[in-house]
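# Structure assessment
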Amino acid sequence: MAETHVLFVEDDDVIREATQLALERDGFTVTAMPDGLSGLEAFRADQPDIALLDVMLPGLDGVSLCRRIRDESTVPVIMLSARADSIDVVLGLEAGADDYVTKPFDGAVLVARIRAVLRRFGHAGGSGAGTAETDRDVDGGLLAFGDLEVDTEGMEVRKGGETVALTPTEMRLLLEFSSAPGTVLSRDKLLERVWDYGWGGDTRVVDVHVQRLRTKIGQDRIETVRGFGYKLKA
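Residues numbered from 1 in each chain as written. Predicted model: local features only at pLDDT ≥ 70, side-chain atom pairs only at ≥ 80, totals over all residues. Heavy atoms only, no water.

## Thoughts on the sheet that holds strand S6 (residues 142-145)
The antiparallel open sheet is built from four strands, whose spatial order is S6-S7-S8-S9. Sheet topology places S6 and strand S9 (162-163) at the edges, where each strand pairs with a single neighbour. Bridge count between strand S7 (residues 148-151) and strand S8 (residues 156-159): four bridges; the pairing is antiparallel. Counted as the bridge partner of Glu 149 is Arg 158 from S8. (Pairing = 2+ DSSP bridges. Helix = DSSP H or I, 4+ residues; strand = E, 2+ residues; numbered from the N terminus.)

Okay, here's the thing in structure tokens:
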């Protein structure tokens, strides 16, 4: 089985080299680049299984790089941010990142987060395109919610007959909602089911992904239940 290929873009030489060595010790193949433009070139040339992008990069910043990658691929992206409360975290998620890790980070935590993301995307070390899979049973067939159709077998979504392009994380989130329409799902439950967090996580990840999903399937399709979470309107 091919090793998982990680693209790691980080301008700090010490962090880049130390993290690359740590990831390689854990069995990953790593392409490490020092700036956003070289990172974009490496992404296009190598088609990695996952991208780790520092937010603050010279030339082309991490948020812009994430946006460029997302324009071309659904490959999973994890942003690396120096501050947990930074607006850059939200900007990165809005640009299409699937998760983020705060620096300084423990190598074991980073590896665990990478593997959690790859499990969500169905990677065992596979292709860079990514496919949406879910560990929970969802009834096969076509689910309809007004003009929204969710094909749980073909993993396709249509709105008004037009195909809606979702990232694997967005697809998993929609599957959770569509498997229990009208049921309020808490942010913590969604973190557990969609992001595979067995520990407390940042609920901003959920909020930003819900907003991204709303822009694609309709702003009024997912309802906010204040103090509790979200639900899909049946």
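## Looking at the pattern of salt bridges
Counted according to the given criterion, the structure contains 18 salt bridges. In this structure, Asp 26 and Arg 115 form a salt bridge, with 4.0 Å as the shortest nitrogen-oxygen distance. Here Asp 26, found in the loop between helix H1 (13-25) and strand S2 (29-33), pairs with Arg 115, found in helix H5 (residues 107-120); they are 89 residues apart in sequence, far enough to count as distant. The class of Asp 26 is partly exposed, set by a relative accessible area of 36%. Under the relative-accessibility criterion, Arg 115 is labelled partly exposed at 37%. Residue Asp 99 pairs with Arg 113 through a salt bridge whose shortest N-O separation is 3.5 Å. With Asp 99 in strand S5 (residues 99-102) and Arg 113 in helix H5, the pair connects residues that are 14 residues apart, well separated along the chain. Overlapping salt bridges bring together Glu 10, Asp 54 and Lys 103 as one network. (Salt bridge = Lys/Arg side-chain N within 4 Å of Asp/Glu carboxyl O. Buried < 20%, exposed > 50% of the residue type's maximum accessible area, 1.4 Å probe, protein only.)

## Describing the nonpolar core
Counting residues in hydrophobic clusters, the biggest one holds 49 residues, and the most contacted among them are Leu 53, Met 79 and Phe 177. Sort the elements by how many residues they give to this core and helix H8 (residues 204-217) lands first, with six residues. Ignoring sequence-local partners within four residues, the contact set of Phe 177 consists of Leu 185, Leu 190, Val 210, Leu 213, Ile 222, Tyr 230, Lys 231 and Leu 232. Phe 8, Leu 52, Leu 80 and Leu 118 belong to the second-largest nonpolar core, a separate cluster that totals 16 residues. (Core = buried A, V, L, I, M, F, W, Y, C linked by side-chain atoms within 4.5 Å. Contact = heavy atoms within 4.5 Å.)

## Focus on helix H7 (residues 187-194)
Along an α-helix, a turn takes 3.6 residues, which lines up residues three or four apart on a common side. Taken together, the buried positions of H7 are Leu 190, Leu 191 and Val 194. When H7 is viewed along its axis, its buried side chains cluster within an angular range of 105° and face the same direction. Against the buried residues of H7 lie H5, helix H6 (168-178), H8 and strand S11 (229-232). Backbone geometry just downstream of H7 places Asp 196 in the positive-phi region, at approximately 60°. (Arc of directions from axis to C-beta.)

## As for the environment of Ala 97
Along the chain, the position of Ala 97 falls in the loop between helix H4 (87-94) and S5. Measuring from C-alpha to C-alpha, the distance between Ala 97 and Arg 67 comes to 8.3 Å, with 30 residues separating the pair along the chain. For Ala 97, the contacting residues outside a window of four places in its chain are Cys 66, Val 77, Met 79, Gly 92, His 209 and Arg 212.

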